[in-house]
Amino acid sequence: MRPRRYCALVCSIRRVPRVPYDDDPTFEPGDLIDLAVLGMARSEALPLDDCCEGARELCHPWLAPTCELVLGRIGRLVAAGHLAMPASAATVTGLQATSGGRAYFAHLMQRPLAAPTHDLRFCAENLKLVFLPGLDEPLRSRVSADMLAARGRCMACVERQLVACGEEGPLLRACLDRQRRLMSAELEVMGAEIASAAPS
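Just so it is clear, the model here is predicted, and its values are computed rather than measured.

## Here's the deal with helix H2 (residues 29-41)
Thinking step 1. Along its 13 residues, H2 runs 19 Å from first to last C-alpha, staying within 8% of the 18 Å computed at 1.5 Å per residue.
Thinking step 2. The buried fraction of H2 amounts to twelve of the 13 residues, a majority that puts the element mostly inside the structure.
Thinking step 3. Residues of H2 that are buried: Gly30, Asp31, Leu32, Ile33, Asp34, Leu35, Ala36, Val37, Leu38, Gly39, Met40 and Ala41.
Thinking step 4. Each element contacted by the buried residues of H2 is listed here: helix H3 (48-59), helix H4 (67-79), strand E1 (83-84), strand E2 (96-97), helix H5 (99-110) and helix H6 (121-131).

And the structure:
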């Protein structure tokens, strides 16, 4: 179990005034931790320990947050009214997303990355694929289409670079061709995962 002082700290943050979430489309590590926590807590209450460890596991290996960082993000979500938990540290048994938290979760699921080369792209995609089967329509289709479209834009960008490269610069052309084949394989895997998330 986490030390009691951590539970007390998270609970005390309930007294902080409600804060709005940021609509900046650039994913940051904290946003991905929020997505992991809310995704796990959106349908049932989770013990604080399980929520903390689960968020760390879902973000690994692209992001390795400490327990303290995850607890800090949980505190922010509680303060914003996105998570509900008992007020007394002695009775902390679980965290569950509120209606506002579920709306914020849907918002995060639809947030695009600022660029296809974003350092956290794979973490964001993995989290979205993890939670995709539990989404209702039309959100599931919208998130799926956005993810495939983002990968499609990456492929188109590489194709344009290949055309511009021409026959000159054989090393660059070989590198771009390798990148295209790798991205094509990734897109195929993503398409299969999305297809398996759809109700049968």
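On we go.
## Thoughts on the nonpolar core
Thinking step 1. Residues Val37, Leu38, Ile74, Leu83 and Leu127 are the most contacted members of the largest nonpolar core, which totals 44 residues.
Thinking step 2. In contact with leucine 38, not counting residues within four places along its chain, are Leu77, His82, Leu83, Ala97, Gly101, Tyr104, Phe105 and Leu108.
Thinking step 3. With seven residues, the next largest nonpolar core counts Val158, Cys165, Leu176 and Met183 among its residues.

## Quick look at unusual backbone geometry
Thinking step 1. Along the chain, histidine 60 connects to proline 61 via a cis peptide bond; the corresponding omega equals 5°.
Thinking step 2. Within the secondary structure, proline 61 sits in the loop between H3 and H4.
Thinking step 3. Of the consecutive residues glutamate 137 and proline 138, the connecting peptide bond is found in the cis state with omega at 5°.
Thinking step 4. The topology assignment puts proline 138 in the loop between H6 and helix H7 (139-165).

Rules behind the numbers
Residue numbers here run from 1 along each chain, matching the order of that chain's written sequence. Only residues with pLDDT of at least 70 are given local features in this predicted model, and only at 80 or more are side-chain atom pairs given and counted; all residues enter the totals for whole chains, interfaces and linings. Heavy atoms throughout the structure, all of them, feed into the side-chain values; hydrogens and water do not. A run of DSSP states H or I qualifies as a helix once it reaches four residues; a run of E qualifies as a strand once it reaches two. Both are numbered from the N-terminal end. What a helix is expected to span follows from its residue count: subtract one and scale by 1.5 Å. Exposure classes here rest on a 1.4 Å probe applied to the protein chains alone. A residue is buried below 20% of its type maximum, exposed above 50%, and partly exposed in between. For this analysis, residues touch if any pair of their heavy atoms sits within 4.5 Å. We define a nonpolar core as any set of buried Ala, Val, Leu, Ile, Met, Phe, Trp, Tyr and Cys residues linked to one another through side-chain atoms lying within 4.5 Å.

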